[in-house]
Amino acid sequence: MATPHIAAEPGQIAPLVLMPGDPKRAARIAAEHLEGAELVSDVRGIGCWTGTWQGTPMSVMASGMGVPSVSIYATELFRFYGVQRIVRVGTCGGMSDKVAVGDTIVATAAHTNASLSTLFVPGISLSWTASYPLLRGAMDAAATLTDATVHTGPVYCSDHFYFANPDIIGGLAKYGTLGVEMESAGLYACAAAEGGEALTVLTVSDHLFDGSQDMTSEQRETLYANSVRIAAAALLA
Ligand code: ADE
């Protein structure tokens with residue numbers, strides 16, 4: 001039984017899924033971190049690989065960019081493939097003076113301007129939050145697995161990459177928002193709707209208030225690998 005966007009057979013996708021945004025990243029994570037990884041779906045170039053991580057079955061599948069894309073894959077994984085846990089590993093723009101480029105943010109919650117906050121319950125703007133067991137697993141792993149500076153707190157999941165309204169960014173920063181990205185609210189909403197668990201682990205790749213901060217490509221790879229290790233440890237917790 002395939003779904004409109006995933007061609008794997010039932011049982012070919014593990015209950016634990018690592019989800020980067022970029023399909024090429026998914027291919028690299030599968031090749032470099034999973035044992036015995038096999039490609040089980042490749043619809044629209046969104047590859048899904050299944051193998052094992054330290055002996056436990058795990059899949060890696062890309063989300064694509066933005067809430068609509070991640071919502072399609074997360075819904076189909078939770079609803080039709082028996083997936084229980086999805087951890088997004090991505091990048092974000094820093095929007096707090098507490099965070100620097102290269103830091104890691106574990107997103108406890110996702111504010112959003114996407115319509116899904118007000119879609120489900122009339123008159124209510126729902127809060128999209130991470131799974132606590134995954135969050136605890138990530139933070140336990142962060143303390144032992146890496147020397148990265150790890151923050152926990154809310155992020156802003158924006159529907160717009162190029163139209164960052166300074167009033168919105170400033171307002172959200174004032175209320176403790178740490179970074180901006182484009183998928184977490186969609187993932188957390190699908191987990192809530194489908195009875196699954198979700199978490200997002202982000203590397204700060206740029207800073208909205210300080211354009212002078214930048215990363216070398218080597219730093220980028222090392223830090224991303226740290227996030228992948230934290231995310232996988234959370235899935236296994
Ligand atoms: N992902 C990484 N940096 C970002 C930014 N500045 N805005 C939205 N998503 C991002």
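An account of the accompanying structure is given in this report. (Residues numbered from 1 in each chain as written. Predicted model: local features only at pLDDT ≥ 70, side-chain atom pairs only at ≥ 80, totals over all residues. Heavy atoms only, no water.)

## Some details on the side chain of H207
Now for step 1: Mapped onto the elements, H207 comes out in strand β10 (residues 197-207).
Now for step 2: A distance of 3.5 Å separates the side chain of H207 from the backbone oxygen of G94, its partner in a polar contact.
Now for step 3: Those residues in contact with H207 that lie beyond four places of it in its chain are G94, M95, S96, V99, A100, V101 and Q213. (Helix = DSSP H or I, 4+ residues; strand = E, 2+ residues; numbered from the N terminus. Polar contact = N/O pair within 3.5 Å; in protein donor to acceptor, adjacent residues only side chain to side chain. Contact = heavy atoms within 4.5 Å.)

## What about helix α4 (residues 166-174)?
Now for step 1: If you check the start of α4, you find a side-chain oxygen 2.7 Å away from the backbone N of D167, and it comes from N165.
Now for step 2: Looking at the residues trailing α4, positive phi occurs at G176, about 85°.

## With respect to the packing of helix α1 (residues 23-33) against helix α6 (residues 217-236)
Now for step 1: Close contact between α1 and α6 brings their axes to 12 Å; oriented N to C, the two are set at 75°. Taken together, the axes of α1 and α6 are roughly perpendicular relative to one another. Two secondary-structure elements touch here, α1 through R25, R28, I29 and H33 and α6 through E221, Y224, V228 and R229.
Now for step 2: Residue classes in the contact of α1 with α6 are distributed as three nonpolar, one polar and four charged. (Axes fitted to C-alpha atoms, helices over the stretch in contact; angles between N-to-C directions. Parallel < 35°, antiparallel > 145°, perpendicular 65-115°, else oblique. Nonpolar A, V, L, I, M, F, W, Y, C, P; charged D, E, K, R; others polar.)

## What to know about the pattern of salt bridges
Now for step 1: According to the stated counting rule, one finds seven salt bridges in the structure shown.
Now for step 2: Close ionic contact of R28 with E32 constitutes a salt bridge, the shortest N to O distance being 3.3 Å. Placement of both R28 and E32 in helix α1 is noted, with a separation of four residues, approximately one turn of the helix.
Now for step 3: On the basis of relative accessible area, R28 is assigned to the partly exposed category, the value being 37%.
Now for step 4: Taking the shortest distance from any N to any O, the salt bridge between E194 and R79 comes out at 2.6 Å. Of this pair, E194 sits in helix α5 (residues 184-194) while R79 sits in helix α2 (residues 67-80), and the two are 115 residues apart along the sequence. (Salt bridge = Lys/Arg side-chain N within 4 Å of Asp/Glu carboxyl O. Buried < 20%, exposed > 50% of the residue type's maximum accessible area, 1.4 Å probe, protein only.)

Such coordinate-based values are descriptive only and should not be taken to indicate function.
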